[in-house]
Amino acid sequence: MGKYILKRMLLMVPTLFGAAVLIFFLLRLVPGDVCEVRLAGAGLYADPEAIAICRENLGLNKPLMAQFFDFVWGYFIFDLGVSMWTGASVVHEIEIRFQLSLQVAIMATFVATVISIPLGIISAVNQNTWLDYCVRGFAIAGIAIPSFWLGLIIILGLLIITQAITGSPWMPPIDYKPIWEDPVYNLSQLIWPAVATGYRYSAVAVRMTRSAMLEVLREDYVRTARAKGMIEKVVINRHALKNALLPVVTILALEFAFLMGGLVVTEQVFNLNGLGKLFVDAVGNQDFNLTQNLVMLVVLIFVLTNLVTDVAYAWLDPRIRYS
Amino acid sequence: MGALLEIDNLQTHFFTSGGTVKAVDGVSYDVNAGETVAVVGESGSGKSVTALSILRLIPKPPGEIVGGEIRFQGKNLAFCSEEEIRDIRGKDISMIFQEPMTSLNPVLSIGMQLTEPMLAHLPGMTEEAAKEKAVKLLEMVGINEPRRRIDQYPHHLSGGMRQRVMIAMSLACEPKLIIADEPTTALDVTIQAQILELMKNLTREMGVAMIIITHNLGVVARYADRVNVMYAGRIVETGKAADIYHRPRHPYTLALLKSVPRMDQPRQEKLDPVEGQPPDLTRLDGGCSFRPRCKFAEDRCAKSFPELEEMGEDHYSACFRSKEALSEIEL
C-alpha cells in the first residue's frame with residue numbers, strides 16, 4: 001500500500017507540470033494584462049510610459065520562457081511571489097481564504113454524505129413505493145434548485161422565523177472567525193452555506209446511491225446473505241452497502257474538490273470571503289500570478305482528492321487492495 | 001414419523017407485465033430425514049423456483065407463493081412470519097446456489113461469511129469459537145491451509161473452492177436439510193464429481209437431508225435416493241432413483257433419458273434430443289403441457305391434465321399412456 005501511494009505521488013508531478021504549462025500560456029493568450037487593467041481600466045487614457053514602468057516592476061516585460069521559469073522555480077524555492085494587483089504575497093492572499101473555503105467544503109460534503117447515503121438506501125429498499133417517490137422528488141428538487149437561490153431562501157427563512165419566535169430577526173454573522181476561536185459563532189455562520197450547497201450535491205449522490213444499491217440488491221451474494229438468515233439490517237449494511245459505495249465515494253470526492261474553488265455565487269450570497277471570490281477577482285484583474293497559483297492549488301486539491309478516493313477504494317474493495 | 005419436509009400443492013406465480021407466469025403450479029413432494037431427493041427438469045421447469053419458495057427467497061414482486069403448504073417440522077413455511085422463516089434460514093435449512101463465482105460477497109472475508117450464520121443462529125457462540133469452527137468446516141470440505149483461507153477473500157479462490165466454501169457455509173449451523181440448486185452446473189466436469197462426492201459424503205455422515213436440483217441425470221442416478229421430474233411447473237414423474245432410471249413411465253422422462261449418453265448402455269449411433277421448446281408458462285391450457293413435444297400424445301391429452309397415477313411401489317407418473325411408454329423402451 002505504501003509503495004502504491006508513493007507511486008501515485010510521483011505520478012502527480014507530470015500532472016501538475018501539465019497544468020502549470022496550460023494555465024500559464026492560456027492566461028497570456030488573453031489580450032491585456034494587470035497594468036492595463038489598473039491604469040486604463042475604466043477606459044481612461046493611460047500613459048504608455050507608466051504602463052511600461054508597471055510592467056517592468058512586475059516582470060511582465062521579460063521573455064515568456066523566463067517568466068514561466070520564474071513561475072515554476074518558485075515552487076522549488078517556496079516563493080510564490082506576490083499578487084500583481086494587491087502587492088501582498090500570494091501565500092497570504094490564499095491563506096486567509098483557504099481556511100474558510102476548506103471548512104465550507106468539508107461541511108458541505110459532510111451534509112451531502114449524511115443526506116445522500118441513508119436516503120439512497122431507503123429509496124432503493126423501498127423501490128417504487130411512495131417513500132421512494134418522495135426521496136426521488138427531493139433529489140430532483142436538489143438538482144433543479146440553484147444553491148444561491150436556496151441560500152437566499154435560507155437567509156430569508158431565518159429572518160422570518162427568528163422574527164416570529166423571538167421578536168427580533170436574526171441573521172447569520174457576516175464576518176469570519178476561525179472555528180477554534182469561537183466554534184459557535186463560526187458554525188452559526190458556515191452551517192447555512194454548507195447546507196445550501198450540501199443539499200445540492202447530495203442530490204446527485206442520492207440517485208447514485210439508489211441505483212448502485214438497486215443493482216447490488218439483485219446480486220447473488222445478497223440472496224446468499226438472506227438464505228443464511230441474516231436480518232435485513234445486516235443484509236443491507238454489511239452485504240449490500242459496502243459493495244454499492246464505490247461510485248458514491250467517487251461522486252462525493254469530486255464534489256469536494258470542486259467545492260474548494262467553485263462556490264463563487266454562494267460565497268456572494270452569504271458574504272463569505274472565500275477562494276471562489278478571490279478567483280473571480282484575480283481573473284478580472286488579470287492578476288496572472290495569483291490566478292496561476294490558485295489554479296495550481298485547485299489542481300493539487302483535485303489530484304490529492306483522487307488519491308484519497310483511490311485509497312478509499314482499496315479499503316472498500318479487497319479486489320483492488322491486492323492487485 | 002412424518003417426513004422432514006412436506007410440500008403440498010405449492011403454487012408460486014410471477015405476476016409480470018406479460019401475464020401471470022405459473023412457474024410452480026401444484027407441486028407436492030416429501031423429503032424424509034437424511035434422504036437425498038433430486039428434482040430434475042429443463043431450464044424453466046420450475047425446479048429452482050420450488051427450491052427458493054421453500055426458504056421464501058422468491059423476489060417479491062413479481063413472485064409470490066399463492067397457494068399450497070410447505071410444512072417443515074410442523075410449521076408452514078409458505079405463510080409464517082418473516083422472523084420465523086429467518087430463524088429457519090441458514091439454521092435448519094440452508095442453501096447452496098448454482099453460481100459459486102457470484103454467490104459469495106466479494107468484499108467480505110471468507111471467515112466473516114462463514115462465521116456470520118453461526119453468530120446469528122447459535123446462542124452462546126463466541127467469535128473465537130465460531131472462527132475455530134469455520135477453520136474445521138473448511139478443513140472438512142477439503143480446503144488446504146484453512147487458517148490462512150479464512151482471512152482471504154472470494155477472489156483468491158477458484159470456482160470449485162468457492163463452492164466448497166458455500167458447502168462449508170451451508171453446514172455451519174448443522175442444518176437438517178440442505179437445498180442445493182444446481183451446485184455443479186457452473187463448474188468444470190472434473191470438479192463436479194469431486195463436489196458431488198463431497199456433498200454426498202458429508203450429508204451421509206451428518207445425517208442431513210438434501211434436495212438436489214439438477215438437469216443432469218447422471219447426478220440423479222448416482223447420488224439421489226428419490227427423484228422428482230418436473231415439467232412446466234408440475235411434477236410429471238416421481239419415484240426411487242433406480243425406478244426412474246431403469247423403468248421410466250412418463251414420456252418426458254423417457255425423452256430426457258434418451259437425450260443423454262449412458263455408460264451402462266451400448267453406444268448408440270447418435271443421441272436423441274427432446275424436440276421442441278418448453279411451453280410459454282403464461283399460456284398454459286388445461287391439457288398436458290408436454291403434449292406438443294410428446295410422441296405419445298393423443299386427443300384426450302388436450303382435454304385435461306393427467307393426474308399422478310401409481311405405477312409401482314412409490315412410483316407415480318402423470319401420463320394417460322404411462323404403460324405404453326414403458327413398453328416403448330428397451331432399457
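These notes cover the structure that comes with them. (Residues numbered from 1 in each chain as written. Chains lettered and ligands numbered in written order. Predicted model: local features only at pLDDT ≥ 70, side-chain atom pairs only at ≥ 80, totals over all residues.)

The next subject is the overall build of chain A. A tally of regular secondary structure across chain A gives 14 helices and zero strands. In sequence order, the secondary structure elements of chain A are arranged as α-α-α-α-α-α-α-α-α-α-α-α-α-α. Across its three principal axes, chain A shows a C-alpha extent of roughly 85 × 60 × 35 Å. For chain A, with 323 residues in total, the buried portion stands at 34%. Partitioning the contacts of chain A with sequence separation of at least 6, the portion at a separation of at least 24 is 71%. (Helix = DSSP H or I, 4+ residues; strand = E, 2+ residues; numbered from the N terminus. Buried ≥ 20, exposed ≤ 12 C-beta atoms within 10 Å, placed from the backbone. Contact = placed C-beta atoms within 7 Å.)

Counting residues in hydrophobic clusters, the biggest one holds 160 residues, and the most contacted among them are A168(B) and I211(B). By residue number, the principal contributor to this core is helix 8 (residues 183–217) of chain A, which donates 15 residues. The two domains that each donate at least three residues to this core are domain 1 (2–76) and domain 2 (97–284) of chain A. Sequence-distant contacts of A168(B), that is, excluding residues within four places in its chain, are made with L114(B), L137(B), L138(B), M140(B) and V141(B). (Core = buried A, V, L, I, M, F, W, Y, C linked by C-beta atoms within 7 Å. Domains from an automatic or database assignment.)

A few words on the pairing of strand 10 (residues 234–240) of chain B. Residue and element names in this part refer to chain B. Burial analysis of strand 10 places six of its seven residues in the buried class, the great majority of the element. As paired strands, strand 9 (residues 226–231) and strand 10 are joined by six bridges and run antiparallel to one another. The partner of R226 across the bridge, within strand 10, is K240. The sheet contact formed by strand 10 and strand 12 (residues 315–317) spans two bridges and is antiparallel. Residue pairing across strands places T238 opposite Y316, the latter belonging to strand 12. (Pairing = 2+ DSSP bridges.)

All names here are of chain B. The buried fraction of strand 8 (residues 209–214) amounts to six of the six residues, a majority that puts the element mostly inside the structure. In the sheet, strand 3 (residues 36–40) pairs with strand 8 via five bridges, with the strands oriented parallel. Of the residues in strand 8, the one forming a bridge with V40 is T214. With five bridges connecting them, strand 7 (residues 177–181) and strand 8 associate as parallel partners. Of the residues in strand 8, the one forming a bridge with D181 is I213. Following the backbone out of strand 7, through helix 8 (residues 189–206) and into the adjacent parallel strand 8, one traces a crossover that is right-handed. (Right-handed = clockwise from strand over helix to strand, strands pointing away.)

These values are about where atoms sit, not about what they do.
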